Amino acid sequence: MSGAGPSLGSDEGANVPPPSQPPPGYDGRDDDVAVPVAHHHHHHDHEHYGAESPQTPDGGRPDEGMVRADEEKRGSYGTGGGASGAPVKQPLNSEKVPLVEKPRAMRHFKRSVFGWLCFGLVWNILNTAVFATLYPKILQTIDENYVSDFSTANMITTLLSSFLLPPLGSLADQMKQVRRWMFATELVGIALCYVFLPMTYLNSPTAQIVLAQILYTLTLFFLRVAVMDNNALLNCFPDAHRTTLSLLTNFIGFGAAFLSLFILFLLTKGDDPPLSNVALVFIFALVVTVIALFTYLAPSDAVPLREKQSFGKVVIKSFQRMGTTFLALKNKPEYRKIAYFLLAYLFYSTSGTVFTIYVITFFIDLYGVDTNQSVEINMCYLLASFFGTLIGMLYKKFIGDHEIWTLLIQNCLFLVLFIILFLSYIWDWGIYASLGISLGISLNYAWNAGLSRGYLFKITPGDKRGEFSGFYSTFTYLGISIVSGVFVIMTNCDVGTQWLLPLLASFSLPSYIFFFLLIWTQRQESKNTVN
């Protein structure tokens, strides 16, 4: 890949080679310890393995991303010896991969990529087919006030996610269990989907409504925790591949979402569909259960030899780690850079995200489309998102990264497109003109989302990836909550849906302030590096 780095899975022109392959017999599972680097037997800092440990390309701590050592299985491999004389594997994103091990390294790299990408399939299938499509239909059959109750359940799970994800991410960092937490919370979320089937056998409608809301809230919360952990694992991959992988998982995810929606469209059309909505939830849950098993192949944290301590102490330490992050904003430019980016992200990402949530409402309220037309519009929107991520990957391949300037241009495109879409309705250009503009917003949104995540985990320290992944999710849900709350107030005051567009455009304006601060901080870092 020209410009920023090599293409995914390629050795040519790579500044950072793929991670090393485990030795023969390594089964990819987590062991309990990672052996420290040789000649540092007396160093007991559990956050650092020794001065000779290899640094990750992004400046992360050397223990992050290291695959566990297993002395009995290993044989002769690696470039250093452990405390017992056993060789030590390089970190997943290490530059030091022995030439003779590159074929094995590539196989391990591809396996880790495959496992990490599988989660994107799980999340997008459930989010599109179950939470956005089937759950409202199930609630509608048992609840007259389903719109209000659905909004309440959505608000509760969003608030839970906003406040709990950063400390949970910090706790995962402290325990060095990001992959295991992702796998566990993912399976819990999927398991809760199966409870929708016995829910229908309850005799009390009130009990059904309460259970449906509890299921929705808990299922979405656990899966959002898994999303946070999956995002954090992006930091395990070589720096040059993170943006590509971020775009690739969106590319695959939007494709899976489109296919899921198309299947639902075929199975639910007509007056007498062959399967009930609850049965469809069960089928989709079975499908994602099979896919979820492969997510355990995703890269994992290193687990250093650690002292035994109570869970309470671990929780206290995780909050202390969050406190040190805020205190470090004054003295560490790299932390300020992340803070400026997250604040810019809060404003510029919300416009595309909220419009994606309300796009069907927009066409129903303003153009009176029916149910079948709304499904077709939704499929077109997902297809545009699919191609948006493809354009993002081609842009990176032929032009390069240039993340900050690309995000700035995308933010300007959002402003222009929202204004044009507003004028399209005011001046009555017709539904097809508005649909075309909306597809442009979808294309820009999908590219923007993948690029944002990839850039964040290029600048995030390896030992803080779970924590900053939590903040990334918090800022996402916070922006959605603020704009959605303002829009609800506007609609209660009989303001038309078209006025959502100027609201989204104006909300994105403060992002330019933080983009400027981010660019200024980067230039100051460059000057200090030169000096």
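Residues numbered from 1 in each chain as written. Predicted model: local features only at pLDDT ≥ 70, side-chain atom pairs only at ≥ 80, totals over all residues. Heavy atoms only, no water.

K.L.:
Whenever I open this one, the overall build of the chain confuses me. Can you help?
P.N.:
Per the secondary structure count, the chain includes 16 helices and two strands. Across the 531 residues that make up the chain, the buried fraction comes to 55%. Put simply, 83% of the contacts in the chain that link residues at least 6 apart link residues at least 24 apart. Surface summary for the chain: the accessible area is close to 22800 Å², and the carbon and sulfur share equals 65%. (Helix = DSSP H or I, 4+ residues; strand = E, 2+ residues; numbered from the N terminus. Buried < 20%, exposed > 50% of the residue type's maximum accessible area, 1.4 Å probe, protein only. Contact = heavy atoms within 4.5 Å. Areas by Shrake-Rupley, 256 points an atom, 1.4 Å probe, with all protein chains shown as cover.)

K.L.:
I would appreciate a short explanation of the environment of G253 in the present structure.
P.N.:
Secondary-structure assignment places G253 in helix 7 (residues 242-268). Among the residues examined, G253 registers a relative accessible area of 0% and is labelled buried. For the pair G253 and T128, spaced 125 residues apart in sequence, the C-alpha separation works out to 10.0 Å. Sequence-distant contacts of G253, that is, excluding residues within four places in its chain, are made with G120 and N124.

K.L.:
Even after reading the chapter, I still don't get the nonpolar core, so can you show me in this structure?
P.N.:
Generally speaking, a soluble globular protein has its nonpolar side chains buried in company with each other. Core analysis: the biggest nonpolar cluster contains 127 residues, and L126, F341, L342 and F355 have the highest contact counts within it. With 18 residues, helix 2 (residues 102-142) is the single largest residue contributor to this core. (Core = buried A, V, L, I, M, F, W, Y, C linked by side-chain atoms within 4.5 Å.)

K.L.:
What is the right way to look at the packing of helix 14 (residues 465-492) against helix 15 (residues 500-507) in this model?
P.N.:
Helix packing for two helices is described by the angle between their axes and how far apart those axes are. Interhelical geometry of helix 14 versus helix 15 gives an angle of 150° and a closest axis separation of 11 Å. Crossing handedness for the pair helix 14 and helix 15: right-handed. Taken together, the residues of helix 15 that come into contact with helix 14 (itself represented by I482, V483, V486, F487 and M490) are L500, L503, L504 and F507. For the contact of helix 14 with helix 15, the residue count by class is nine nonpolar, no polar and no charged. (Axes fitted to C-alpha atoms, helices over the stretch in contact; angles between N-to-C directions. Left-handed = near helix turned anticlockwise from the far one by under 90°. Nonpolar A, V, L, I, M, F, W, Y, C, P; charged D, E, K, R; others polar.)

K.L.:
Explain helix 15 to me, please; I cannot follow it from the model alone.
P.N.:
For an α-helix, the turn length of 3.6 residues means that residues three or four places apart are oriented alike. Burial within helix 15 is extensive, with six of its eight residues counted as buried. Within the sequence span of helix 15, burial applies to L500, L501, L503, L504, A505 and F507. Each element contacted by the buried residues of helix 15 is listed here: helix 10 (333-367), helix 12 (403-426) and helix 14.

K.L.:
I keep staring at the packing of aromatic side chains and nothing clicks. Help me out?
P.N.:
Aromatic rings considered in pairs are described by the distance between their centres and by the relative angle of their planes. Inspection of the entire model under this criterion finds 33 aromatic pairs. Geometrically, the ring pair formed by Y358 and F487 is edge-to-face, given 5.1 Å between the ring centres and 70° between the ring planes. Here Y358 is found in helix 10, whereas its partner F487 is found in helix 14, with 129 residues between them in sequence. Residue classification places F487 among the buried positions, given a relative accessible area of 5%. Ring plane angle 70° and centroid distance 6.5 Å describe the contact between F457 and Y472, whose orientation is recorded as edge-to-face. (Phe/Tyr/Trp six-rings, centres within 6.5 Å; stacked < 30°, edge-to-face > 60°.)

The values are spatial; any link to function lies outside them.
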